[in-house]
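Chain by chain, the residues run as shown.
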Amino acid sequence: MDLAELYQLLGTTLRLATPLLFACLAGLFSERAGIFDIGLEGKMLAAAFASAAVGAYAGLPPLADPFPGQLSGWGLGWPAALLAVLAGIGASVLMALLHGFASITLRGNQLISGVAINFLAAGATVLIGVTLFNLGGQTPNLPDVSRFKEITLPLAETLRGIPLVGPFYADVISGQNLLVYVGLATVPLTWWILFRTRFGLRLRAVGENPGAVDTAGINVARQRYAAVILCGVLCGLGGCYLSMATAAAGFGDEMTAGRGFIALAALIFAKWRPWYALSACLLFGLLEAISAKYQSLDIGLFEIPVQFMQALPYILTVVILAGFVGKAIPPKAGGVPYVKER
Amino acid sequence: MKKSLPTWADVVLIPAINVFLAFFVAGLVVLFIGEDPIRAMGIMIQGSLGSSYGIGYTLFYATNFIFTGLAVAVAFHASIFNIGGEGQAGVAGVGVALVCLTVDQTHWLLALPLAIMGGAVFGAGWAAIPAWLQAKRGSHIVITTIMFNYIAAALIIYLLNNYLKVPGAMALETRGFAEGAQIPAMHEIASWFGASISRTPMNISFFLALLASFLVWLLIWRSRIGYEIRAFGFSEKAAVYAGIKPVKIIMIAMLLSGALAGLMAINTVMGSEKRLVLDSVLGAGFVGIAVALMGRSHPIGVILAALLFGVLYQGGAELAFEIPSIPSQMILTIQALVILFTGSLENMVRFPLEKLFLRLNRGTA
Amino acid sequence: MAVTEDVTGQPDAAPTTTAPAIGLTGISKAFGPVQANKDISMTVQRGTIHGIVGENGAGKSTLMSILYGFYKADKGEIKIGGVPTIIHNSDDAIRAGIGMVHQHFMLVQNFTVLENVVLGAEDGALLRPSLAKARDILTSLAKDYELEVDPDAIVGDLAVGLQQRVEILKALYRQADILILDEPTGVLTPSEADHLFRILEGLKAQGKTIILITHKLREIMAITDTVSVMRRGEMTATVKTAETSPAQLAELMVGRRVLLKIEKAPAQVGETVMEIRDLRVVDEDGVERLKSINMDLKRGEILGVAGVAGNGQSALLEVLGGIAAATSGTVTMNGEAMDLTHEADAGKRRDRRIAHVPEDRHKLGLIMPYSAWENACFGYHDRSEYQAKAGLLNRLFMRDDARAKIEKYDVRPPNCDLKAANFSGGNQQKIVIAREIESNPDVLLVGQPTRGVDIGAIEFIHNQIVALRDQGKAILLVSVELEEILALSDRIIVMFDGKISGERLPSETDENDLGLLMAGIDPKANQ
Amino acid sequence: MNILKTLVGAAALLGSATLALADGHADFKPAVIFDLGGKFDRSFNQASFEGATRFSEEFDVEFREFEIQSDAQREQALRRFAEQGNNPIVVAGFAYGSAMETVAAEFPDTSFAIIDMVVDLPNVRSVVFNEHEGSFLVGMMAAMKSETGKVGFVGGMDIPLIRKFACGYVQGVKAANPDAEVFQNMTGTTGAAWNDPVKGGELAKGQMDQGADVVYHAAGGTGRGVLQAAADAGKLGIGVDSNQNYLHPGNVLTSMLKRVDVAVYNAFKDSMEGNFTAGFSVLGLAEDGVGYAVDENNETLISEDMMKAVEDAKAKIISGDIKVHNYMDDNSCPAS
C-alpha cells in the first residue's frame, strides 16, 4: 500500500465516520442525561428520508409535464439544501420527542421505546415515500443544489508539494463536504457544552443523580427533554449526511443499514466521552472503509474475511462491555425513569 | 405498594386498549395514503383467515412468533431483555441446517428430534455468551445481544459464502434437504386424514410451538426453577437472600430463551425453506418482543399475540398484493405502533385508568 | 466576607422580625390510598432549632418534602416569614430561603464538591466564573461554620460525614435561612453527630432557623428548642423541649407508654453453636467493612449487636446469612467449619440450620408480587417436602404449610392467596419471622426485627424471639434501636468501624455507655 | 361489537368484490414479480417493470405485480399468483431459482418464466443473457474514451453472474487498448450489495482517485451511487440493464442494455397469443438481447470513431469472428 492509497483510505474513513460521529454524539447527549437511546438508527433514517424528500421537492426544477419517476419541484436553488436539512432535523427531533414523551413523561421503558422508533422509521419512511413519489420508497435523485458537495480548502494544491503533510492536507482534510467539517467541529463543541457550561453541568448531573438535580431546584424533565432534542438534532444531521452528502443522492429503503447501532457501539467504546467518540467513530469508519475496499485482507499468515472486519466494531464493543479492556461505566441513572422517592 | 388496578384490567383491558390505539393510528396512516382503512382491514382479515391458504400462512408466521415470543417472555420473567432473538434464531438455523444436511438420508422422525437439538443448542449457545457476560461481568445484556445480532449476521454470511453454499451456485443458500429431513407440511398431515387444504409452508412445527408454550407455562408457573426465575426477576437481592444464584438464573433463563428462539428455525429452515437461506429469521426475533409485551409474558397471551401478528403478516402481504399502494412496510409500521403503545407508551393508558379505578373504588367504599 | 451579609431578604417576601419563620396550616397529602399527612399545622420561630420526632412512616419526611417543594400538598397553606408562599418545586423553596439536607444525600457522586455546590445555583451560562466565585464563598463558609471540605475532591471519594457537610454547604451557598435536616445522624458516629450539632448551634447563632427530623429522643433533648411529635400522619403535639421529657415524647410518639422491659425468664445458656474467628470483609470498592471479628454464639441466648448504621453490622448479617462472601476468616457451626470466603450462598447457610430475618424485608425478605403462600417457603423452596415430581413444586403442600404458619403467627388477614405487598408492614414481618423460625434453625439471625412495624406486632415479634431462645436456640439480633437491644438481649456487643468495640451484659450497661461504645470509646477500658 | 360487525361485513363484501374482479379478467392475467431492490431500482428490476408496462399499454391488459421484501417471500409470491390463476408468471432474478423449482412443479398448468437462471421444468421458460457480449462493447467504449488509460468496474454481489459482466468488460477494454488498466471492486457478498449506493459511491470514488475516468457498474441500486460519484467528479459512468443515460446527462457514457424488458414483454405476449414455449433461451447481441444505449443524453460523448469501432466489433461478435469469453463457462476469466 503506497501513501496515496493510504490517504485515499483515510479520506474514505473520514466520510464513512461522519454519520457515525453525528449519531454517536447524539447518543452521547441523550445517554449522558440518563435517557438510553437505541433508536439512533430510526432517527437517522427518518432524517435521511425527510431531508431527501424536501430536498427533492425544493431543489428539482419545475417540470411542465412530469412522467412517473420524475418530480416537478419548486426549483428553489440554494435554499433547497437549507430547507432539506431543517426538514431532516425536524423529523429526527419529532422522533426524539416521541422517545422523550415515552421515557420522560410517561416513564416507560426506554429500550422498548427505542426498538419501536426504529421500526416506526423503517416502516413510515417507505410508506410516506411510496405515497409521495411512487418510487418504491425511494426519493428522486437529488439535484446538486440540494446536496453537499466536495469543498476544496484553500491552498490544498499549493501545499501538496510538502512531503507527507501536503498530500494529507490535500487528499484527506481538503475535498470533503461541508457536513464532514461540521461533524468534526461538533466534537470540541460537545466537549465544551458538556464540561464548560451550566447546561452541560446540569445535563451530566441529571444522568448521574436526577434527585440531586431536582432538589437543586432544576426541572429534571425539562433538562432531559433538552438533551433528547439535542440528540434529535445531531441524529438529524447524521441522516441528512446520508441522503444529501453521499453518492446516494437521495433516500433508499433502510439506507442507514445499521449505522445507528454502530454509533451506539462507538458510544460505549468511547465510554460516553466526546473526544473518545471521535476516535471510536474514526476507527469504525476505517474498518468500514477497509472492508469496502478489500473483500478480504491478507495479512501474510492468513486472510481475514471481510465479514470479520464488518463484525469487528460489535466484537470490540462487547469486549469493552465485558470489562476485559477498560470498563465502560455508563451514566448511573441511565435507563431509569425519574420518579420522586418517598 | 397497593395495587390500584384489578388484575383483569391489567392483563386484558390495557393491552386491548393499546392494541386498539395502535390499529387506530395505523388506520389513520392508511387514510393518509389515500386508501380506505376499513377496506384494508377487510383485505387483511379475508386474506389471513378467509381461506385455508390464508390460515396456513397465518399459522406459519404465528409459529415463528410463538417461539420468539416465548423466548423474550422467559427472559422477561428473569427481568432480562433479550433483544437478540434475531441472532439466536439465525445461528440456530445453521445448527438445524447442519443436522439436516447430515441426516437427510434417513427419516424425518429421526431428523426432527436431532434438528430440534441442533437448533436449541445453537440458539442457546449464541445466547450463552451475552448471558455469561451479564452474569459474570455485568455487561448490559441489551447492548451485547444487539451486538450479537450483528455478529451473527456476519458469521452466517461468512459460513454460507465459504462453507455451506452449493459450490459455483449464485444463490447464497445451502442445497435443499433430501426427503429424509423434510417434516410433514400441514397439507400432507391433512391428507392423512382425508382432508384437502391449500399448500402452505405451515407444518408440524406449529404443534411443536404449542407444546413449547405448554412446557414454558409449566416451567415458569409450576416448577422450582420457574419460581426462582420469577423471584430473581422481581428482585435480584431477594433471590440472593433466598439462596438463588444469579449466575445460574441468568444462564438458565438466557439459554432457555436462546433455545426457544432457535426452535423457530425448525419451522423456517426445516419446515418451509428446506434449506438454509441467508435471511431465515425475517425479523421474527424482533416481533417476539412485541408478542411478549402484548402477551404479558404468559404463554397463552404469547399464543394470542403471535396469532395477531400472524394475521398482521399474512394479511399485510395480501394487502400488498391487493393494494400495491400500501407496501408491505405497513406491517412494520403497525408492528412499531403495537410495540410503542403496548410497551413504551403503556402508561399513557395506565395512569388515567389507575386514577379512574381509584375514584371508582373510593366511590364504592 | 460572610455570606449571611448577602442575604438581604427575599424581595417579594420581606420578613418581619416577629413573624414566625415557618407557618404550616392544614397540610394534607395522600399517596394513592395512603394518607401520609393529615391536616398538619405547625409554627417554627426564627432563630430556633425545632425538632420533629416520630416513628418510621409517621409522615415526617413527607411533611418536609412538601415544605421543600418535592411534593405538592393536596390541601393546606404554607407561610414563610409570615408571607403565604406557594411552593411548587424545590426551586420555589430555595427562593423562599429553604435548604434541605436529605437523608439520602442528593449529591452527584462523580462530581467535585465545587460542582455539586454550584449545581442549580450557577451565575451564568458559563461554568468557570460560577466555579471561581463558589470557591471563594466556600472558603469563607468553611471558616465561619467549621465546614472544611476540599472543594476539588470527588464527592464519591469523601467519607459520609464530609458528604453531609457538602449538603449543608449547598444549602448555605443558596443563602438558606431555614435549614431542614432529615435524620442527619443516622449515618454518623456520636462524635461526628456532636460536631454536626456544634455546626447547627453556630448556624442558629447566626439567626438561621433549623428543623431537625429524627427518631432519636437523645438528640431532641440535646439540641432542640421546641419539638413536634408526629404519629401516623398526624401531628400529636408541639412542646418546648425544656418542658418535656423523653418518656413523655416516647409516649406521644407511639400513642401509649412504651414497653421498656420484656417479660422473659433468665437465659439458660448452653454450649457454643457458632464460632466466628478473625472474620474480615473487604467490599468491591476496597473498603474494609469487617475487621477481624471474633465472637461466639451460644444456645439459649440472644446476642444483641448495637451500633450506628454502617459500622459493619449489616455486613456481619450478610456474611453469616450467605448474601455476601467474606474475605477471610473461619466460622464453625456445630463444630464443623463453613466455607464463607468462596462465594455467597444463602442456600448452604440454611442447610446448616442458620435462618435469617433480613434487615430490609421489602427488598430481601419477601417477593412483593408473590402471594403469601409463595413467600412462606421462600428460601426453603428447595427442601424436599416442597417438591413434586419432575422439578415441579408441590403447590398443595406449600399452601397447607403457609396456612399453618399464618394461623400460628396470627397473620392478618389470614388469606394465603393475598400478595405480600397487600399486607401491612407488621404482618409482612410476621410472615418472614414465621418462615424463618418454623424452619427450625439452630441459629437465627435477625436484623431490625421491628423497623416500620406497628406496636402490637412488635410485642408479638419480640415474644416469638424470646420463645425461640427458650427452646435453646441461638439468636443474633442486630438493631439500631438501643431500647430494643437492651430489652431483648442476654448479652450485647457493640460495633464501631467494622470492629467490636465492646461487650456488655444488659445489667451492667445503659444507653450512655453503649452510646460511647458506638463511638468507639470504651469508658470501662481503663478501669 | 359494532366494530366487529363492520369488519366482518367489510370482509364479506370484499370477498365478493375480489371474486367479481377475478371474473372480469379471468381470461388472461399475467403477473411479474420483482427481486429485492424493487421495481424502481432504475436498473434490472425497472427493466422488467418497463417490459410489463409496455405490454400492458400496447394490448390494454392489466398485469399483477409484487415487490418482495425478503428472500422468504419469493415462494409465497409465486404460489399466491399461481393459486389465484395468474398466467404467465414472470420473475426476474437468479435468486428465484429454488422457489421456482418448488412452485412450478406444484402448478404444472401455469406458465412461468425466469430471467437470469435456468430451471429445468416443462412449464418454465428460462431466459439468460450474454451480458459478456454487451459488456465487451461498453468496455471498448470506456477504453477509447478514457484519457488516463484507466477505467473502473463496480459490481454488486460477488457472484459468477457479475464476474461475467466484469470479464466481458475487461476483454472489451483490452481489445480497444491493450495497455489500459482496469480497477475492479465488488460491493458485497449478500443481497444487500444490490442496494448500497453509499458504498457504491465510495468504491467509484476510490477508483477515480486512482486515476480511472470511466466507471462501469453492474450493481443494481448500488449503481446509482456509482453514477452519482462519477458525475460529481466530472467523470463518466456507464449504466447497466436499463438505459441509465438520463440519470446524469453528459456524465453517463452509455448504458449496457440487457433487454430484460424484452424478455418479460415476450413472455407475456407469447402466452397471450398461445405461443408460450418452455425451455432455455439465450439472448445475446445477435438477438438484440444485449446492447448499448445511445440517445440525446450521451450522443455528444461518443465520437464517430468509437461508434464505428463498436459497431464493427458487434458485427464480428455476431458473426463469431470475435469470441468473448463467458466467465460462467469455466468460472475463470482470461483477462484482468
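Residues numbered from 1 in each chain as written. Chains lettered and ligands numbered in written order. Predicted model: local features only at pLDDT ≥ 70, side-chain atom pairs only at ≥ 80, totals over all residues. Heavy atoms only, no water.

Caption draft 1: The arrangement of the domain arrangement of chain D in detail. Residue and element names in this part refer to chain D. Each domain of chain D was delimited in the assignment, giving domain 1 (2–130 + 261–283) and domain 2 (131–258 + 290–330). Taken together, the 13 residues of domain 1 in the interface contact 20 residues of domain 2. Across the domain 1/domain 2 interface, buried area totals approximately 1,400 Å², and carbon plus sulfur atoms make up 53% of it. In terms of surface lost to domain 2, no three residues of domain 1 exceed Arg42, Phe129 and Asn130, which account for 45% of the buried area on that side. (Domains from an automatic or database assignment. Contact = heavy atoms within 4.5 Å. Buried area = accessible area lost by both parts, 1.4 Å probe.)

Caption draft 2: Inspection of the state of the cysteines at higher detail. Inspection of every chain in the model, using the stated rule, returns one disulfide over all chains. Note that Cys167(D) is cross-linked by a disulfide to Cys333(D), the S-S spacing being 2.0 Å. Looking down the S-S bond of the Cys167(D) and Cys333(D) bridge, the torsion is 90°, so its handedness is right-handed. With Cys167(D) in helix 6 (residues 160–176) and Cys333(D) in the segment after helix 11 (327–330), this pair connects stretches of sequence that are 166 residues apart. For Cys167(D), a relative accessible area of 1% corresponds to the buried category. Exposure remark for Cys333(D): the relative accessible area of 28% places this residue in the partly exposed category. Free cysteine Cys235(A): the closest other cysteine sulfur is in Cys231(A), separated by 4.5 Å. (Disulfide = S-S within 2.5 Å. Helix = DSSP H or I, 4+ residues; strand = E, 2+ residues; numbered from the N terminus. Buried < 20%, exposed > 50% of the residue type's maximum accessible area, 1.4 Å probe, protein only.)

Caption draft 3: Representation of empty space enclosed by the protein. Residue and element names in this part refer to chain D. Evaluation of the coordinates by the stated rule reveals five cavities of 30 Å³ or more. Taken as a whole, the largest cavity spans an internal volume of roughly 240 Å³. Contributing to the lining of the largest cavity are 20 residues, with Phe44, Asp116, Trp194, Gly220 and Asp241 lying nearest its centre. Counting only elements with at least two residues in the lining of the largest cavity, the list comes to helix 2 (44–59), helix 6 and strand 9 (236–241). Considering each element in turn, the lining of the largest cavity owes the most residues, three residues, to helix 6. A class-by-class count of the residues in the lining of the largest cavity yields ten nonpolar, five polar and five charged. Taken together, domain 1 (2–130 + 261–283) and domain 2 (131–258 + 290–330) each give at least three residues to the lining of the largest cavity, which thus spans both. The space that makes up the second largest cavity amounts to roughly 90 Å³. (1 Å grid on protein atoms, 1.4 Å probe; cavity = no way out; pocket = protein on both sides within 12 Å on 5 of 7 lines; lining within 4 Å. Points joined across faces, edges and corners; volume = space filled by probe spheres on them. Nonpolar A, V, L, I, M, F, W, Y, C, P; charged D, E, K, R; others polar.)

Caption draft 4: Spatial organisation of the nonpolar core. Of all hydrophobic cores here, the largest spans 323 residues; its most connected members are Phe309(B), Ile115(D) and Tyr169(D). Beyond its immediate chain neighbours, meaning those up to four positions away, Tyr169(D) contacts Ser135(D), Phe136(D), Val138(D), Gly139(D), Ala142(D), Val151(D), Gly152(D), Phe153(D), Val182(D), Val214(D), Tyr216(D) and Ile238(D). Counting residues in hydrophobic clusters, the runner-up holds 79 residues, among them Val240(B), Val308(C), Leu364(C) and Ala421(C). (Core = buried A, V, L, I, M, F, W, Y, C linked by side-chain atoms within 4.5 Å.)

Caption draft 5: Fine view of the interface of chain A and chain C. Facing the 24 residues of chain A at the interface are 29 residues of chain C. In total, about 2,300 Å² of surface goes out of reach between chain A and chain C, with carbon and sulfur atoms giving 59% of it. Across the chain A-chain C interface, the total number found is two salt bridges. In this structure, Arg202(A) engages Glu122(C) in a salt bridge whose closest nitrogen and oxygen atoms are separated by 2.7 Å. Our count for the chain A to chain C interface comes out at seven residue pairs in polar contact (both at pLDDT 80 or more). Put simply, the parts of the chain that give the side of chain A that touches chain C at least two residues each are helix 7 (178–196), helix 8 (198–208) and helix 9 (210–215) of chain A. (Salt bridge = Lys/Arg side-chain N within 4 Å of Asp/Glu carboxyl O. Polar contact = N/O pair within 3.5 Å; in protein donor to acceptor, adjacent residues only side chain to side chain.)

Caption draft 6: Structural context of the pairing of strand 3 (residues 89–92) of chain D. Residue and element names in this part refer to chain D. Here strand 3 shows no split at all, with Ile89 and Val91 on one side and Val90 and Ala92 on the other all buried. Direction of pairing for strand 1 (residues 31–34) relative to strand 3: parallel, over a ladder of three bridges. Along strand 3, the bridge assignment pairs Val32 with Val90. In terms of strand pairing, strand 3 meets strand 4 (residues 112–115) through four bridges, oriented parallel. Residue pairing across strands places Val91 opposite Ile114, the latter belonging to strand 4. (Pairing = 2+ DSSP bridges.)

Caption draft 7: Looking closely at the interface of chain B and chain A. The partner chain A presents 43 residues to the 43 residues of chain B that form the contact. When chain B packs against chain A, close to 3,700 Å² is buried across both sides, 81% of that on carbon and sulfur atoms. Run the count over chain B and chain A and you get five residue pairs in polar contact (both at pLDDT 80 or more). Elements that contribute at least two residues to the side of chain B that touches chain A include exactly helix 1 (7–33), helix 5 (108–137), helix 6 (141–164), helix 12 (284–294), helix 14 (329–344) and helix 15 (346–364) of chain B. Considering every element that reaches the side of chain B that touches chain A, the biggest residue donor is helix 6 of chain B, with twelve residues. Here the residues of the side of chain B that touches chain A sort into 30 nonpolar, twelve polar and one charged.

Caption draft 8: Quick peek at the sheet that holds strand 4 (residues 75–80) of chain C. Residue and element names in this part refer to chain C. One open sheet holds the four strands; their spatial order is 2-1-4-5, and the pairing between them is antiparallel. Only two strands of the sheet have a single partner each, and these edge strands are strand 2 (34–44) and strand 5 (83–84). As paired elements, strand 1 (residues 22–31) and strand 4 share five bridges and run antiparallel to each other. The partner of Ile22 across the bridge, within strand 4, is Ile80. Running at roughly 115° to strand 1, helix 1 (residues 60–67) makes contact with strand 1, strand 2 and strand 4 of the sheet. (Axes fitted to C-alpha atoms, helices over the stretch in contact; angles between N-to-C directions.)

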